Amino acid sequence: MKKSILYLVIPCYNEEAMLGITTEQLKIKMTNLIKSGRIDKKSKVLYVNDGSKDKTWEIIEKTHEEDHLFAGVKLSRNRGHQNALLAGLMTAKKYADITISMDADLQDDIDVIDKMLDEYDNGCEIVYGVRSSRKKDTWFKRFTAESFYKLMHLMGVEVVFNHADCRLMSKKALDGLEQFEEVNLFLRGIVPQIGYKTGVAYYERNERVAGESKYPLKKMLKFAIDGITSFSIKPLSMIASLGFLMVFVSLIMLVYALIVKIIGNAVSGWTFIICSIWLVSGIQLLSLGIIGEYIGKIYNEVKHRPRYIIEEELIK
Ligand code: UDP
Ligand code: MG
C-alpha cells in the first residue's frame, strides 16, 4: 500500500519562546512515524508565520535550512489564528494526503497523532481531536471555554464539544473545505458541515510550557461572537419572538389598565399612554424581527456556501 504523506500544520504568532521546544519534540515524533513506515518520508511539519512581531520567522527559516522536514509559509501580516490555519491547510493540500493541525505550544498531546492516523486508516476523512479533560486549564479558562460550547449549542451551531482546532483532515475533506468561500472564518463550525465519515481521538490537554496565551479574554469573546454570528441567525429570530411577547404583554396591560380605570383610580390619559407604550414597542420589535428574518436570508445567500458535496458517483 502506498504510504500517505502527512503535513502537520502549525500556526505561529509570536512563538519565539516556544518554537525550539516544539521543533525538537515534533522532530522525534515525525522521524519515528517515518521510520516505522506509518507515513511517507516526504511528510513535513509546516509552520505558518502569522505576521509575528518577534523572531518567529527567522527561527522557522533557520529550522528549515537545517532540516527540510520543517517547512514554512509566511503571511504578509497578522490575520488571526483561523486565517493562518486555513492558509497552512490550503498550502499543505498541494503536497499532502493528510494534514493534522495543531497549536505551536503543543498543549495538545502530540501522541494524538497516532490515534488520528488509526482513525484515518479506518476510513475517516476528518478526525476531531477532543480534550478528554481540562484538569490542567485554569478554572477561568475551563469555565469560559465550556460555556462557549454550550452557548453555541443553544444557538443551534453544530460544533464538537471540547474540540478546538486540533484535527486531521484528508485531502478529500480539504477539497470540500476549499468550497466554503466565507470570509468570517470559524473552522470549528465549517468542518462539521463538510460531511464524510468522521472520527474522534481523545487526548489530555497540557499547560503551555513557554510564552503566553495569544488568546486573551477579549480575543476569546470576539471569537465566540464571530462563531455565533457566522453560523446562526437565531439572534435575529429572537427579536421577533420578543416582539410577539411584547404584543401579548400589551394585551394583559390593556385589561389591567381598563380594570384600574373602571375602579376609578386612573389619572385621566394614563390608560391610553400605558396601552400605547406596550403595543407600539411590541409592534416595533416584531417589525424589526421580520426585517431580521430577511436579513438572515440575505446573509445566508451572500456566504455562497456549497449546497452539497458529492462523496461518490456510480455512473457507467
Ligand atoms: N495564533 C495565530 N495567530 C494569532 C493568535 C494565535 O496564529 O493571531 C496561534 C498561536 O501561535 C498558537 C495558536 O494560534 O499556535 C493558539 O494560540 P494559543 O495557544 O495562544 O491559544 P490558547 O491555547 O491559549 O487558547
Ligand atoms: Mg495554547
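Right above here is the structure, for reference.
Everything quoted here is computed from the prediction, not taken from an experiment.

Turning to the overall build of the chain, a few remarks are in order. Of regular secondary structure, the chain possesses ten helices and seven strands. Its C-alpha atoms give the chain a radius of gyration of 26 Å, clearly above 20 Å, the size a compact globule of 316 residues would have. Principal axes of the C-alpha set define a box for the chain whose edges measure 90 × 55 × 35 Å. Taken across its 316 residues, the chain has 44% of its residues classed as buried. For the chain, restricting intrachain contacts to residue pairs at least 6 apart in sequence, the fraction spanning at least 24 positions comes to 81%. For the chain, the computed accessible surface area is about 17,800 Å², with 61% contributed by carbon and sulfur atoms.

Every one of the 19 residues lining ligand 1 counts as a neighbour, but E15, D50, D105, S213 and K214 are closest to it. Interatomic distance of 2.6 Å between a side-chain N/O atom of E15 and an oxygen atom of ligand 1. With respect to ligand 1, the side chain of K219 contributes an N or O atom lying 3.5 Å from an oxygen atom. Protein chains shield 95% of the accessible area of ligand 1, which is 540 Å² for the free molecule. A class-by-class count of the residues in the shell around ligand 1 yields five nonpolar, five polar and nine charged.

Another point: the coordination of the magnesium ion (ligand 2). Distances from the magnesium ion (ligand 2) to its protein donors, namely D105 (OD) and Q107 (OE1), fall within the range 1.8 to 1.9 Å. Judged by relative accessible area, D105 falls into the buried class, the value being 3%. On the basis of relative accessible area, Q107 is assigned to the buried category, the value being 11%.

Looking now at a nonpolar patch on the surface. Taken together, the side chains of F248, L251, I252, L254, V255, L258, I259, I262 and I263 define a hydrophobic patch exposed on the protein surface, amounting to about 910 Å² of accessible area. Mapped onto the secondary structure, F248 falls in helix 9 (residues 234-263).

With that out of the way, let us pick up the pairing of strand 4 (residues 98-101). Every second residue of strand 4 is oriented toward a common face, with I98 and I100 on one face and T99 and S101 on the other, all of them buried. Where strand 1 (residues 6-12) and strand 4 come together, four bridges link them in parallel fashion. Among the inter-strand pairings, Y7 is bridged to a residue of strand 4, identified as T99. Where strand 4 lies against strand 6 (residues 163-170), four bridges are found, and the strand directions are antiparallel.

Another aspect to go through is the pattern of salt bridges. Scanning all chains against the criterion turns up 16 salt bridges. For R205, the salt bridge is made with D108, and the minimal N-O distance between the two is 3.6 Å. Of this pair, R205 sits in the loop between strand 7 (198-204) and helix 8 (217-231) while D108 sits in the loop between strand 4 and helix 4 (112-121), and the two are 97 residues apart along the sequence. Just as R205 is buried, D108 falls in that class too. Taking the shortest distance from any N to any O, the salt bridge between K171 and D175 comes out at 3.7 Å. Of the two residues, K171 and D175 are both situated in helix 6 (residues 171-178); the distance of four residues between them amounts to about one turn of the helix. For K171, a relative accessible area of 34% gives the class partly exposed. One continuous salt-bridge network, built from bridges that share partners, spans K93, K171, D175 and E178.

Rules used in this analysis
Residues numbered from 1 in each chain as written. Chains lettered and ligands numbered in written order. Predicted model: local features only at pLDDT ≥ 70, side-chain atom pairs only at ≥ 80, totals over all residues. Heavy atoms only, no water. Helix = DSSP H or I, 4+ residues; strand = E, 2+ residues; numbered from the N terminus. Rg over C-alpha atoms; globule rule 2.2 N^0.38 Å. Buried < 20%, exposed > 50% of the residue type's maximum accessible area, 1.4 Å probe, protein only. Contact = heavy atoms within 4.5 Å. Areas by Shrake-Rupley, 256 points an atom, 1.4 Å probe, with all protein chains shown as cover. Near = heavy atom within 4 Å. Polar contact = N/O pair within 3.5 Å; in protein donor to acceptor, adjacent residues only side chain to side chain. Nonpolar A, V, L, I, M, F, W, Y, C, P; charged D, E, K, R; others polar. Donors = N, O, S within 2.8 Å, 3.2 Å for Na, K, Ca; no water. Patch = residues over 30% accessible without salt bridge, like charges linked within 9 Å, V, L, I, M, F, W, Y side chains within 5 Å. Salt bridge = Lys/Arg side-chain N within 4 Å of Asp/Glu carboxyl O. Pairing = 2+ DSSP bridges.

Take it as geometry only, folks, not as evidence of what the structure does.
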